[in-house]
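Tertiary structure, described
Next come the chains, spelled out residue by residue.
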Amino acid sequence: MSKSTSTSVATTAGKFGEFGGSYVPDELQTVLEEIAQAFDKFKDDPEFNKELRYYLKDYVGRENPLTFAKNLTEQVGGAKIYLKREDLNHTGAHKINNTIGQILLAKRMGAKRIIAETGAGQHGVATATVAALFGLPCTIYMGKYDTERQALNVFRMELLGAKVVPVEKGQGRLKDAVDVALEDLVQNHETTFYLLGSAVGPHPYPTMVHHFQSIISEESKRQILEKEGKLPAAVVACVGGGSNAIGAFSHYIDEPSVRLVGVEPVEAASIAEGVPAVIHGFKCYALVDENNVPKPTYSIAAGLDYPGVGPEHSYLKASGRGEYVTVTGIEALDAFLILSKVEGIIPALESAHAVAYAMKLAKTLPQDESIIVNLSGRGDKDVKQVYDMLNKE
Ligand SMILES: *Cc1c(COP(=O)(O)O)cnc(C)c1O
């Protein structure tokens, strides 16, 4: 990352074709422009990147392996299935790549305080983790309904020293937590940095999150060339807001032979079934009602439960460069059980969606081709939920 080679199609205003941009009140626009300028200044700064590299290696544990899933490949038949092991990162998922990057930027900008939103709690935990590491006070906004569903994650954030604020307004869900976090940012921007959790939101967040997650494909490209001597036929990743997928795709966007496949839960298929709309300050494919209000979604994977999707994915879909498909909760659950049993790797339910589709895709491809599946996280957090699901049936 001395100089980033990640490929983002964003223009300076953060537009990806018709998608992205920044649809926010003027006072917030000013604050976002400051962040955009700081990001532009530091993303290619050698000192900044040296520090980023240091924490990615010695704290997160990068680089993580690209594991050949030999048993799964034999069971499925067809192309070789490789797993990019984001599940082995500290805190168990890809989210820490982004929170480390953004907190280093926050420090450069002189921030004295970190705020973030969280839905299921995973981004809240990743943010509380880096705030603890850098000794910055941290407030996490979380819908009241979500704090009740995810009590253990609330406790985890508190153990890490964060203050979790339950948001009661609206429906007490993720969207309401984002609104309150943005109000806090506008009021306290002199001291406060808003650390956003996925490749969504107004400019510069989608571009910034892409940049910090692009380490995934920077490594995987080097690793697959070493192992196979050629590029993969496809890269497959699950899509919630789209941060692990854009990081997994980044260094292949300019390699037209590599298929980029995003997998959504059929229950929250923003790209596959959404329409272009402005939600949460940016334009993307979204599941909205006739009044442009985001519809409630429900996926068994809490991290994929979002009615919109990153603007760059919206553009990759519209331009035909990316393919976006859906799998059902049942298919994801099957993949969760199969990967655990045949490879000894318990995936996050989110990642299991990508595994489920990769198993279908591998069958259609010759044995001398390979597929990279981005294993965005580990499944420890989901074991209780899977236990309950299996014992209900
Ligand atoms: C949060 C999360 C996701 C979904 O978020 P993206 O921004 O779409 O990557 C996927 N997998 C895991 C393990 C997560 O924690």
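Note that the structure is a prediction, hence the values are computed from the model and not measured.

Turning to the site of the ligand, a few remarks are in order. Lys95, Gln122, Ser198, Gly242 and Ser243 are the nearest of the 16 residues found near the ligand. Note that an oxygen atom of the ligand is positioned 2.8 Å from one of the side-chain N or O atoms of Gln122. Its free accessible area being 390 Å², the ligand has 96% of it covered by the protein chains. A class-by-class count of the residues in the shell around the ligand yields three nonpolar, eleven polar and two charged.

A few words now on the environment of Thr328. By the element assignment, Thr328 lies in the loop between β13 (322–327) and α14 (329–343). Non-local contacts of Thr328, meaning those with residues more than four positions away in its chain, are made with Val266 and Glu267.

With 15 residues, helix α2 (residues 46–60) ought to run about 21 Å at 1.5 Å a step, and its terminal C-alpha atoms sit 20 Å apart, in line with that. Among the residues making up α2, those that are buried are Phe48, Asn49, Leu52, Tyr55, Leu56 and Val60. Viewed along the axis of α2, the buried residues span an arc of 125°, placing them on a single side of the element. Projecting away from the buried face of α2 at angles above 90 degrees are the exposed residues Pro46, Glu47, Lys50, Lys57 and Asp58. Considering only its buried residues, α2 is in contact with α1 (26–42), α4 (95–108), α5 (122–133), α9 (205–213) and α10 (215–228). In the segment just after α2, Gly61 is the residue with positive phi, at about 95°.

Glancing now at the pairing of strand β4 (residues 80–85). Counting buried residues along β4, five of its six residues qualify, which places the element largely inside the surrounding structure. Pairing of β4 with strand β14 (residues 370–375) involves six bridges; the strand directions are parallel. Within β14, the position partnered with Arg85 by the bridge is Leu375.

This paragraph deals with the UniProt feature "modified residue: N6-(pyridoxal phosphate)lysine" (unreviewed entry) in the chain. Taking the numbering used here, the UniProt-annotated feature "modified residue: N6-(pyridoxal phosphate)lysine" (unreviewed entry) corresponds to Lys95. Tracing the chain through its elements places Lys95 in helix α4. Sequence-distant contacts of Lys95, defined by excluding residues within four places in its chain, comprise Gln122, His123, Ala126 and Gln213.

This next bit is on unusual backbone geometry. Residue Glu63 follows Arg62 across a cis peptide bond; omega there is 0°. Cis geometry is adopted by the peptide bond preceding Pro204, which originates at His203 and carries an omega value of 10°. Within the element layout of this structure, Pro204 appears in the loop between β8 (192–194) and α9. Unlike most non-glycine residues, His280 shows phi in positive territory, near 50°. Checked against the element boundaries, His280 lands in the loop between β11 (275–279) and β12 (282–286). The phi angle at Asn292 is positive, at roughly 70°, despite the residue not being glycine. Within the element layout of this structure, Asn292 appears in the loop between β12 and α13 (311–319).

Where α1 meets helix α8 (residues 174–188), the closest approach of the two axes is 10 Å, and the angle between their N-to-C directions is 75°. Looking at the two axes, α1 sits roughly perpendicular to α8. For the pair α1 and α8, contact is made by Glu27, Leu28 and Val31 and by Leu182, Leu185 and Val186, respectively. Grouping the constituent residues of the contact of α1 with α8 by class yields five nonpolar, no polar and one charged.

For the rest of this paragraph, the subject is the sheet that holds strand β5 (residues 113–118). Sheet architecture is open: four strands sit in the order β7-β6-β5-β8, paired in parallel fashion. The two strands at the open ends of the sheet, each matched to only one other strand, are β7 (163–167) and β8. Taken pair by pair, the neighbouring strands of this sheet meet at an average axis angle of 25°, ignoring direction. Its contacts with the sheet put α8 on β5, β6 (138–143), β7 and β8, and the angle it makes with β5 is roughly 160°.

Moving on, we come to the nonpolar core. In this structure, Leu105, Phe193, Tyr194 and Phe249 are the most contacted members of the largest nonpolar core, which totals 85 residues. Looking at this core, the element that brings in the most residues is α1, giving seven residues. The contact partners of Phe193, leaving out residues within four places of it in the chain, are Ile35, Gln102, Leu105, Ala106, Met109, Ala111, Arg113, Ile114, Ile115 and Met208.

We now examine the pairing of strand β9 (residues 234–238). Of all five residues making up β9, five are buried, and the element is well covered by its neighbours. By the alternation rule, side chains of β9 split into Ala234, Val236 and Cys238 and Val235 and Ala237, which are all buried. Bridge count between β9 and strand β10 (residues 259–265): five bridges; the pairing is parallel. The partner of Ala234 across the bridge, within β10, is Arg259. For the handedness criterion, the β-α-β arrangement of β9, helix α11 (residues 243–249) and β10 is classed as right-handed.

This paragraph deals with the side chain of Asn89. Structurally, the position occupied by Asn89 is in the loop between β4 and α4. When neighbours within four sequence positions are excluded, Asn89 is seen to be in contact with Val60, Arg62, Asn64, His94, Ile96, Asn97 and Arg378.

Calculation notes
Along each chain, residue indices are assigned from 1 in the same order as the chain's sequence is written. The predicted origin of the model limits local features to residues at a pLDDT of at least 70 and limits the giving and counting of side-chain atom pairs to 80 or more, whereas totals for whole chains, interfaces and linings rest on all residues. Excluded from the side-chain calculations are hydrogens and water; all other atoms, namely the structure's heavy atoms, are used. One heavy atom within 4 Å of a molecule or strand is enough for the residue carrying it to be called near that molecule or strand. Whenever two N or O atoms come within 3.5 Å, that pair is a polar contact, provided that in protein one can donate a hydrogen and the other can accept it, and provided that, for residues adjacent in sequence, both atoms are side-chain atoms. Here, Shrake-Rupley sampling with a 1.4 Å probe gives the accessible areas, and only protein chains in the shown set may cover a residue. Residues are grouped as follows: nonpolar covers Ala, Val, Leu, Ile, Met, Phe, Trp, Tyr, Cys and Pro; charged covers Asp, Glu, Lys and Arg; every other residue, Gly included, is treated as polar. Only runs of H or I of at least four residues qualify as helices and only runs of E of at least two qualify as strands under DSSP, and these elements are numbered from the N terminus. Contact between two residues is taken to exist if any of their heavy atoms lie within 4.5 Å; hydrogens are not considered. Given the number of residues in a helix, its expected span is that number minus one, multiplied by 1.5 Å. Under the scheme applied here, a residue whose accessible area is under 20% of the maximum for its type counts as buried, over 50% as exposed, and between as partly exposed, the area being computed with a 1.4 Å probe on protein chains only. Think of the arc as the fan of directions from the helix axis to the C-beta atoms. We call two strands paired when DSSP finds no fewer than two bridges between them. UniProt positions are given in the numbering used here, feature names are shortened, and annotations may be inferred rather than shown by experiment. For every element, the axis is a line fit to its C-alpha atoms; helices are fit only across the contacting stretch, and the angle between N-to-C directions ranges from 0 to 180 degrees. Roughly parallel covers angles under 35 degrees, roughly antiparallel covers those over 145, roughly perpendicular covers 65 to 115, and oblique covers all other angles. We call a set of buried residues a nonpolar core when its members are Ala, Val, Leu, Ile, Met, Phe, Trp, Tyr or Cys and they connect through side-chain atoms within 4.5 Å of each other. If you view a crossover with the strands going away from you and the path from the first strand over the helix to the second runs clockwise, you call it right-handed.

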